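Chain and residue survey
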Amino acid sequence: MDASVLLALRDPAGVPFYPVVFQILYILTWALHIAFVLLSLGSLGLSLYGSSKGSSDRNWRILTPHLIQTGKISVSILIVLGVAPLLFTQVIYDLNWYVTNTLSGMWIFIFIYALIVGYSMYYWYYYANKAQKSSSTLIGLISFAILIFSGILMHNFTVISLMPNEWMNMYAPGGVVDTSGWVFSVDAIRLAFMVSLSIPVVGIFLQNYSQFLSTRKDFENSFIQYSANLGTKLAIIGLLISAVLFVLWMLKVGYLFHPISLVTIAGVVMLLVMSKMNNNSYYTTLILVVVALLISSVRELIRFDLMMDLGYNIYDYPVNLEIPTIVMFLATFLIMGFVGVAYLLTMAWKVGKNEGVFDGSKDALVSKLGQSTLYIMIAWIAIYFAWGIGILFSNIL
Ligand code: HEM
């Protein structure tokens, strides 16, 4: 692929801030996206095992609905968190993303509908399980398969965006233009690695779950022990599988001895030791977050190098500084985002730790965070509209 073609596909308006910032934000937000992808697939997958056991097993009677609920919430979070890396990739790698959307247009449509059907069926599974319907496992299985299929499509978009040398062949195979939008490509090892990570993620989640519930008197100790042991088993087996697949993937792309790849492997070994000991799973989770960021960095490194070899350097993207936009974005992200998320997380933590009904209005911290979130949102809406209307009138008057 000629570099001039790639450069011609860039946005002539340039980017509103330094490309490296978008690159860092991409790495950060994709790690968040995949964390919830893995948690949702892992907990939904494991809940199917519990659901197939029915209500005969005392431990699974408690665990299955909790796993279903975890996965259900995680899907909505993964969708919201998927938007962020999508926006950042569109800013600095817009050509890759848009060419993929053209070549794979039909799959893009199918992705949206698959997600809607898969998630709706998840709710069906949730209610069927609640009502102890015998069909619930089958409904859950179909939902699981559709959500996995959505992940395969997402992976297909990534793979095609990494094949600029093939784009012309895909667009006009044998010189005949093909506008069907059915282009599809899979890198089996990379995909298997990504999906396999859902096993250790749900394992470490279960360790956290048991540690979190261990302070509650209304959960029996035998149940806490059971979920902790199950978590440890899943974490160890899953980490071993993922580690082998990661090494195979790195060997294939020739990055096995790259420092980031070596640090990632060291991180996985550390996770193995920490999950096996299970002294404090909250620390294990911190390392898991670091490993997720490293995997996200490896993905970006592969893409960055590939594009550099073709003569496309994101750092050379023309910058058209737009300070007000960046200030608005950062203020929204850091102030409103952090306070709002802190409010929701603090409340969720306290609700979970509390036996019986938790009244947030009687809790000083929750009330303070709730009020701050409300005031910040009111200020945000006022600034947003005043600013927008101001710019609109200054442009047209
Ligand atoms: C159940 C639904 C989903 C699953 C299972 C899923 C899974 C995945 C996986 C496995 C990857 C990594 C692919 C690879 O590197 O080979 C990925 C990447 C990505 N996903 Fe998702 N995803 C889902 C939904 C979404 C949604 C709804 C969005 C956007 C709103 C989204 C945005 C992204 C983005 C932007 C990337 C990175 C693309 C790139 O830059 O190459 N995903 N997803």
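Residues numbered from 1 in each chain as written. Predicted model: local features only at pLDDT ≥ 70, side-chain atom pairs only at ≥ 80, totals over all residues. Heavy atoms only, no water.

Digging into the packing of aromatic side chains
Any aromatic ring pair is given by two values, namely how distant the centres are and how the planes are angled relative to each other. Applying the stated rule across the entire model yields 26 aromatic pairs. With a centroid separation of 6.1 Å and 85° between ring planes, the pair formed by Phe111 and Phe157 is classed as edge-to-face. You can see Phe111 sitting in helix α5 (residues 105-130) and its partner Phe157 sitting in helix α6 (residues 136-161), a full 46 residues away along the chain. A relative accessible area of 1% places Phe157 in the buried class. Taken together, the ring pairs in this structure connect Phe22, Phe88, Phe329 and Phe333 into an aromatic cluster. (Phe/Tyr/Trp six-rings, centres within 6.5 Å; stacked < 30°, edge-to-face > 60°. Helix = DSSP H or I, 4+ residues; strand = E, 2+ residues; numbered from the N terminus. Buried < 20%, exposed > 50% of the residue type's maximum accessible area, 1.4 Å probe, protein only.)

Considering the site of the ligand
With respect to spatial proximity, 24 residues lie near the ligand, and among them Tyr26, His33, His155, Arg190 and Arg299 are the closest. Between the ligand and the protein, one listed contact pairs an oxygen atom with a side-chain N or O atom of Thr158 at 2.9 Å. Contributions of two or more residues to the shell around the ligand are made by α2 (19-53), α3 (58-92), α5, α6, α8 (188-196) and α12 (281-309). With seven residues, α3 is the single largest residue contributor to the shell around the ligand. Tallied by class, the residues present in the shell around the ligand amount to 14 nonpolar, seven polar and three charged. (Near = heavy atom within 4 Å. Polar contact = N/O pair within 3.5 Å; in protein donor to acceptor, adjacent residues only side chain to side chain. Nonpolar A, V, L, I, M, F, W, Y, C, P; charged D, E, K, R; others polar.)

Some details on the coordination of the iron atom of the ligand
Metal coordination angles in their ideal form are 109.5 degrees for the four-donor tetrahedron and 90 or 180 degrees for the six-donor octahedron. Looking at the protein side alone, the iron atom of the ligand has one donor only, His33 (NE2), at 2.2 Å. Assignment of secondary structure puts His33 in helix α2. (Donors = N, O, S within 2.8 Å, 3.2 Å for Na, K, Ca; no water.)

Describing the pattern of salt bridges
Between side chains of opposite charge, a pair can form when the charged atoms approach closely. Overall, the coordinates contain six salt bridges when judged by the stated rule. Note that Asp359 is salt-bridged to Lys362, the shortest N-O span being 3.0 Å. The exposed category is assigned to Lys362, whose relative accessible area is 70%. (Salt bridge = Lys/Arg side-chain N within 4 Å of Asp/Glu carboxyl O.)

Some thoughts on the packing of α2 against α12
Their axes nearest at 8 Å, the elements α2 and α12 cross at an angle of 130°. Of the possible angle classes, the one that applies to α2 and α12 is oblique. Once α2 is placed against α12, the crossing between them reads as right-handed. Of the residues in α12, those touching α2 at Gln23, Tyr26, Ile27, Leu28, Trp30 and Ala31 are Ala292, Leu293, Ile295, Ser296, Ser297, Arg299, Glu300, Arg303 and Phe304. Per-class residue counts for the contact of α2 with α12 are nine nonpolar, three polar and three charged. (Axes fitted to C-alpha atoms, helices over the stretch in contact; angles between N-to-C directions. Parallel < 35°, antiparallel > 145°, perpendicular 65-115°, else oblique. Left-handed = near helix turned anticlockwise from the far one by under 90°. Contact = heavy atoms within 4.5 Å.)

Observations concerning the packing of helix α13 (residues 323-353) against helix α14 (residues 364-396)
The N-to-C vectors of α13 and α14 enclose an angle of 155°; their axes lie 9 Å apart at closest approach. One finds that α13 runs roughly antiparallel with respect to α14. Handedness of the crossing formed by α13 with α14: left-handed. Contacts between α13 and α14 involve Pro324, Met328, Thr332, Ile335, Met336, Val339, Gly340, Ala342, Tyr343, Thr346, Met347 and Lys350 from the first element and Leu365, Val366, Leu369, Gly370, Ser372, Thr373, Ile376, Met377, Trp380, Ile383, Tyr384 and Trp387 from the second. Its residues assigned to classes, the contact of α13 with α14 shows 17 nonpolar, six polar and one charged.

Remarks on the environment of Thr137
Within the secondary structure, Thr137 sits in helix α6. Once the C-alpha coordinates of Thr137 and Leu48 are considered, the two residues, 89 residues apart in sequence, prove to be 5.9 Å apart. In this view, Thr137 contacts Leu48, Ser51, Ser52 and Tyr125; residues no more than four positions away in its chain are not counted. Reaching out from Thr137, the side chain makes a polar contact with the side chain of Ser51 at a distance of 2.6 Å.

A word on α5
Its 26 residues place the ends of α5 38 Å apart at the C-alpha level, agreeing with the 38 Å of an ideal helix rising 1.5 Å per residue. Positive backbone phi, at 55°, marks Gln132, one or two positions downstream of α5. (Expected span 1.5 Å × (residues − 1).)

Remarks on helix α10 (residues 221-253)
A rise of 1.5 Å per residue sets the reference length of α10, with its 33 residues, at 48 Å; its end C-alpha atoms lie 47 Å apart and thus fit the reference within 8%. Just downstream of α10 lies Gly254, where phi reads positive at about 75°.

Considerations on a nonpolar patch on the surface
There is a patch of nonpolar side chains on the surface, built from Leu28, Leu32, Val289, Leu293, Phe329, Leu330, Phe333, Leu334, Ile335 and Phe338 and spanning about 820 Å² of accessible area. Put simply, the parts of the chain that give the nonpolar patch at least two residues each are α2, α12 and α13. Considering each element in turn, the nonpolar patch owes the most residues, six residues, to α13. Of note, Phe333 is situated in helix α13. (Patch = residues over 30% accessible without salt bridge, like charges linked within 9 Å, V, L, I, M, F, W, Y side chains within 5 Å. Areas by Shrake-Rupley, 256 points an atom, 1.4 Å probe, with all protein chains shown as cover.)

Digging into the nonpolar core
A general feature of soluble globular proteins is that nonpolar side chains tend to end up buried together. Counting residues in hydrophobic clusters, the biggest one holds 76 residues, and the most contacted among them are Tyr122, Met250 and Tyr312. Core analysis: the next-biggest nonpolar cluster, separate from the first, contains 14 residues, Leu206, Phe212, Leu213 and Leu234 among them. (Core = buried A, V, L, I, M, F, W, Y, C linked by side-chain atoms within 4.5 Å.)

So, the domain arrangement of the protein
Along its sequence, the protein is carved into domain 1 (3-321) and domain 2 (322-397). One C-alpha centre belongs to domain 1, the other to domain 2; they are set 28 Å apart. Taken residue by residue, the interface counts 13 residues in domain 1 and 11 residues in domain 2. Interface area, domain 1 with domain 2, both sides summed: about 1100 Å², of which 68% is carbon and sulfur. For the interface between domain 1 and domain 2, the tally reads zero salt bridges. In this assembly, domain 1 and domain 2 are joined by six residue pairs in polar contact (both at pLDDT 80 or more). Class assignment for the residues of the side of domain 1 that touches domain 2 results in seven nonpolar, three polar and three charged. (Domains from an automatic or database assignment. Buried area = accessible area lost by both parts, 1.4 Å probe.)

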